[in-house]
Amino acid sequence: MRKHKRLGSYNNWGYLFVLPFSVIFLIFSVYPVLRTLHLSFTDLKVMGDAHFIGFNNYIRVIQDKFFWKALLNTVRIWGVNIVLQLGLAFLLMMVFSDVKYKMKGLGFFRIVYYLPNLIAATSVAFLFQTLLDWRYGSFNIIISNIARFFGTSYNPVDWIGNGHVVPYVIAVIQSWMWFGNSFIMLMAGVQGIPKDYFEAAAIDGAGRWTVFFKITLPLLRPIMMYVAITSLIGGLQMFDLPFLMIQPSSSAYGNVQTVMMYLYRFGFTAGSINTGYASAVAYMLFLIILAVSLIQLYLFRDKDKTNTKKGGRK
Amino acid sequence: MRTYKNNVIHDKIMKCILYLAIGLLAVVSFFPFYAMIINATRSGVEISRAFSLIPSSHLVENYVQLIKFVNIPRGILNSILVSVPATLFTAYFSALAAYGLAFYKFKTNKIVFAAILIFMMIPGQLSLIGFYQLCTKLHLVNSYLPLILPAIASPGTVFFLRQYALSAVPETLIEAARLDGANELYTFHRIIIPILSPGIATMGIMTFIGNWNSYLLPMIILNKTEKFTLPVMVSTLRSATDLQQNQGATYLAVAISVIPIMLVFTFFSRYIISSISAGAVKE
């Protein structure tokens, strides 16, 4: 009896341990999320009174072609980025996990590949803005030097000012920042595959491509899903890089304005603040992210099931 | 048919090509930083005339020019004032909550854990506007508190450390401490934290880098120049400098903002790699 009671009193310490987290969590995470939801149904501008206006903000978001253009911009940058980023990470993973070549230096290379991810987006944006400056940037100077060496001339490309080029430039920079991260994740997945599988395959006389397609690839599927979903959630919220690299006055702006930049304009840019509307944009973006994540989950889960079935039959 | 010897040669060539390719990618990863450091030592005229891989002698001159526009030492100090307490808060309170969730049975345990899982999935932009409204209401604009206090509640870190505690802390150890009459908080501070320290270090480094690099939130909360953290300060250079004349100074600004993180990384890269790997294997 007495022991039981004492055990119960120990468990009450749990409340104390979770208390600081819970209080701050309620104030700075839960409340703001609910407050944004509430504001999305009001006409609050900067300060002052907020009136309930039902779904009007949401209807306006759906009808605004600039919102959809921003979404298209975001998806385009993310799409090009994820193909490059995952493709590169995948090739690297194949090289470093190859059973025949047994490449060395994984520890060194993954650190170097990860370096670009460490740097603040402000610094990355600023660095590339300076490197890619069409007249004085080192990039164009190097290309024109090479062109001169081969006896031709190079008409400098305006990497940042040209609206048709800059979305891809941003996508490439984004992949440059993130491929190391994806590579480390994929490598962790490969190293997590039990050695027995490979040994058994070797005993069965399976070639390295068979091993790759029948063992490595199917077992990596959950991690690829994880990388794709986290990248999508981050990618649809893209802000820092395009915001910092392209001025609103630039003619390229219309092609790089992301949904977050659109939200920022209505949420925080003096002169165009419409808090209620910006809140509705935030929730629309959330719904889109949710829908796409669920579709991704569904697609990957289906394949997973057939795989386990196959495994079970063996 | 290829002979065995031919095969070996073929493999060797293939291997060389692969090393060349991954080496080239390493150069691509590092080159912009190298160009940045070199250009930070060159004058604007030198930079616009030609590209060079050899440092020049204008470092001090660039620095003098740079601090005319922004108070970089102040920015570093501000970034430290925000990032260090925020990181310590995240590390300590996440470990506390994680331990509580992992080893104590109380009524709201499951609710808190479910809330953590949900908020790990919710993108940050959902709270942005509500958060700003809250800060204006509490008169916290231009204060560091909104950048530091929320660090106490970091759902991702709590989740990670809870899983870590469940695998690293044997329950018998806690019971033994109780039999010895140890107070629960004493047990946490003297026994649990040392056991959890590799996990805490891993999450702490990532939190520090995230805070140090954070841009959107400080930019929204802070609007006094003397309060700016380093990333916000660097971003103001865009309008403050005439790129044509001060390219060397701009490179230097970026270099100064990057070097502390590079130093952290060289010392702690092991922890960073392990935290990314943990994220992948967790699924």
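Numbers given for residues are sequential positions, taken from 1 along each chain in its written order. Whichever chain is written first becomes A and whichever ligand is written first becomes 1, with later ones labelled in order. Local features in this predicted model are restricted to residues of pLDDT 70 or higher, and side-chain atom pairs are both shown and tallied only at a pLDDT of 80 or more, whereas totals for entire chains, interfaces and linings draw on every residue.

**Student:** Please give an account of the overall build of chain A that cites residues and values.
**Tutor:** Secondary structure elements follow DSSP: runs of H or I no shorter than four residues count as helices, runs of E no shorter than two count as strands, and numbering proceeds from the N terminus. Secondary structure summary: chain A contains 14 helices and zero strands in total. On C-alpha atoms alone, chain A measures out to a radius of gyration of 25 Å, which is more than a quarter above the 20 Å that the 2.2 N^0.38 rule sets for 314 residues. In terms of its C-alpha atoms, chain A occupies a principal-axis envelope of roughly 95 × 75 × 35 Å. Looking at chain A as a whole, 39% of its 314 residues are labelled buried. Each radius of gyration reported is based on C-alpha atoms, and the globular scaling rule is 2.2 Å times the count of residues to the power 0.38. Counts of 20 or more other C-beta atoms within 10 Å of a residue's own C-beta define buried residues, counts of 12 or fewer define exposed ones, and intermediate counts define partly exposed ones; C-beta atoms are placed from the backbone.

**Student:** How would you sum up the overall build of chain B? Please name residues and give values.
**Tutor:** The helix and strand tally for chain B stands at 13 helices and zero strands. Over its C-alpha trace chain B gives a radius of gyration of 25 Å, far above what one expects of a compact globule, namely 19 Å for 283 residues. Of all 283 residues assigned to chain B, the portion counted as buried reaches 43%. In this description, any two residues whose backbone-derived C-beta atoms lie within 7 Å of each other are considered to be in contact. Within chain B, contacts between residues at least 6 apart in sequence are counted, and of these 77% link residues at least 24 apart.

**Student:** Give a description of the nonpolar core that names residues and reports values.
**Tutor:** Judged by nonpolar contacts, the single largest core of 151 residues is most densely connected at Val281 and Ala282 of chain A together with Tyr99 and Leu161 of chain B. With 15 residues, helix α8 (residues 166–192) of chain A is the single largest residue contributor to this core. Domain assignment of the residues forming this core places at least three in each of domain 1 (2–58) and domain 2 (60–272) of chain B. Residues within four places of Leu161 of chain B in sequence aside, it is in contact with Ser94, Ala95, Ala98, Leu196, Gly199, Ile200 and Met203 of chain B. What makes a nonpolar core is a set of buried Ala, Val, Leu, Ile, Met, Phe, Trp, Tyr and Cys residues, with links drawn between C-beta atoms within 7 Å. Residue ranges for the domains trace back to a domain assignment, done automatically or taken from a database.

**Student:** Describe in detail the confidence of the model for chain A, supporting the description with residues and values.
**Tutor:** Residue and element names in this part refer to chain A. Summary of the metric used: pLDDT quantifies the predictor's per-residue confidence within the range 0 to 100. Averaged over every residue, the pLDDT of chain A is 86; the share at 70 or more is 93%. Contacts for the low-pLDDT stretch residues 1–5, under 50 throughout, to residues beyond four places or in other chains number zero contacts. Confidence drops under a pLDDT of 50 for residues 304–314, and excluding neighbours within four residues, the segment shows two contacts in the predicted structure.

**Student:** Talk me through the packing of helix α4 (residues 65–96) of chain A against helix α13 (residues 259–268) of chain A; I want residue IDs and the actual numbers.
**Tutor:** Residue and element names in this part refer to chain A. Angles run from 0 to 180 degrees between N-to-C directions of axes, and those axes are lines fitted to C-alpha atoms, restricted for helices to the stretch in contact. Across the interface, α4 lies against α13 with an axial gap of 7 Å and an inter-helix angle of 140°. Considering the angle they form, α4 stands oblique to α13. Taking contact as the criterion, the partners of Phe66, Phe67, Ala70, Leu71 and Thr74 in α4 are, on α13, Val259, Met261 and Tyr262. Convention used here: angles under 35 degrees read as roughly parallel, angles over 145 as roughly antiparallel, angles from 65 to 115 as roughly perpendicular, and any remaining angle as oblique.

**Student:** Run through the interface of chain B and chain A, naming residues and quoting values.
**Tutor:** Contacts between chain B and chain A engage 76 residues on the former and 74 residues on the latter. With 18 residues, the top contributor of residues to the side of chain B that touches chain A is helix α13 (residues 243–281) of chain B. Along the lines of polarity and charge, the residues of the side of chain B that touches chain A split into 51 nonpolar, 19 polar and six charged. Following the grouping adopted for this structure description, the nonpolar residues are Ala, Val, Leu, Ile, Met, Phe, Trp, Tyr, Cys and Pro, the charged ones are Asp, Glu, Lys and Arg, and the polar ones are all others, Gly among them.

**Student:** Kindly report on the confidence of the model for chain B, identifying the contributing residues and their values.
**Tutor:** For chain B, the average pLDDT comes to 87, and 95% of its residues sit at 70 or higher. Here helix α2 (residues 44–49) of chain B is the element of chain B with the lowest mean pLDDT, 77, and helix α7 (residues 145–148) of chain B is the one with the highest, 96.

**Student:** Which residues make up the domain arrangement of chain B, and what values do they have?
**Tutor:** One widely used convention gives an interface's size as the accessible area the parts lose upon coming together. Residue and element names in this part refer to chain B. The domain boundaries assigned to chain B delineate domain 1 (2–58) and domain 2 (60–272). Taken over C-alpha atoms, the centre of domain 1 sits 34 Å from the centre of domain 2. With eleven residues of domain 1 at the interface, the matching set in domain 2 holds twelve residues. Those elements that place two or more of their residues in the side of domain 1 that touches domain 2 are α1 (4–39) and α2. In terms of residues, the side of domain 1 that touches domain 2 owes the most to one element, α1, which gives four residues. Along the lines of polarity and charge, the residues of the side of domain 1 that touches domain 2 split into five nonpolar, five polar and one charged.

**Student:** How would you explain helix α7 (residues 138–149) of chain A if you had to name every residue and give the values?
**Tutor:** Expected helix span is computed as 1.5 Å times (number of residues minus one). Here α7 of chain A contains twelve residues, and its C-alpha end-to-end distance of 16 Å stays within 8% of the 16 Å for a straight helix at 1.5 Å per residue. All buried positions along α7 of chain A are accounted for by Ser138, Asn140 and Ile141 of chain A. For α7 of chain A, the angular spread of buried residues about the axis comes to 160°, placing them on one side. The inward-facing, buried residues of α7 of chain A abut α6 (121–131) of chain A together with α1 and α2 of chain B. Gly151 of chain A sits one or two positions beyond α7 of chain A and adopts a positive phi of about 80°. It is the directions from the helix axis to the C-beta atoms whose arc is reported.

**Student:** Describe the packing of helix α4 (residues 72–103) of chain B against helix α10 (residues 184–213) of chain B, naming the residues involved and giving the relevant values.
**Tutor:** Residues and elements named next belong to chain B. Orientation of α4 relative to α10, taken along the N-to-C sense of each, is 140°, at an axis distance of 8 Å. When the axis of α4 is compared with that of α10, the two are oblique. Of the two possible hands of crossing, α4 and α10 adopt the one that is right-handed. Contacts between α4 and α10 involve Ser79, Val82, Ser83, Ala86, Thr87, Thr90, Ala91, Ser94, Ala95, Leu96 and Tyr99 from the first element and Phe188, Ile192, Ile193, Leu196, Ile200, Met203, Gly204, Thr207, Phe208, Asn211 and Trp212 from the second. For the contact of α4 with α10, the per-class residue count stands at 14 nonpolar, eight polar and no charged. By definition, turning the near helix anticlockwise from the far helix through less than a right angle yields a left-handed crossing, and turning it clockwise yields a right-handed one.

**Student:** Any details on the environment of Phe52 of chain A? Residues and values, ideally.
**Tutor:** All names here are of chain A. Within the secondary structure, Phe52 is located in the loop between α2 (13–39) and α3 (56–63). On the basis of neighbour count, Phe52 is assigned to the exposed category, with 10 C-beta atoms found within 10 Å. For the pair formed by Phe52 and Leu186, sequence separation is 134 residues and the distance between their alpha carbons is 48 Å. For Phe52, the contacting residues outside a window of four places in its chain are Phe41 and Thr42.

**Student:** Report on unusual backbone geometry, specifying residues and quantitative values.
**Tutor:** All names here are of chain B. We note that His139 has phi near 55°; this positive angle belongs to a residue other than glycine. Following the sequence through the fold, His139 ends up in the loop between α6 (125–137) and α7. Owing to 8 C-beta atoms within 10 Å, His139 belongs among the exposed residues under this scheme. The phi dihedral of Asn142 falls on the positive side, at around 70°, and the residue is not glycine. Looking at the element boundaries, Asn142 is found in the loop between α6 and α7.

**Student:** Any chance you could break down α6 of chain A for me, citing the residues and the numbers?
**Tutor:** With ten of eleven residues buried, α6 of chain A is to be regarded as a mostly interior element. Listing the buried residues of α6 of chain A in full gives Ala121, Thr122, Ser123, Val124, Ala125, Phe126, Leu127, Phe128, Thr130 and Leu131 of chain A.

**Student:** A description of the environment of Ser167 of chain B should follow, citing residues and the corresponding values.
**Tutor:** Summarising the element assignment, Ser167 of chain B is placed in helix α8 (residues 155–168). Distance from Ser167 of chain B to Ala102 of chain B, taken between C-alpha atoms, is 9.9 Å for residues 65 residues apart in sequence.

**Student:** Pulling in residues and values, what's your account of the environment of Val80 of chain A?
**Tutor:** Tracing the sequence through the fold places Val80 of chain A in helix α4. Those residues in contact with Val80 of chain A, other than ones at most four positions away along the chain, are Tyr168 and Ala171 of chain A.

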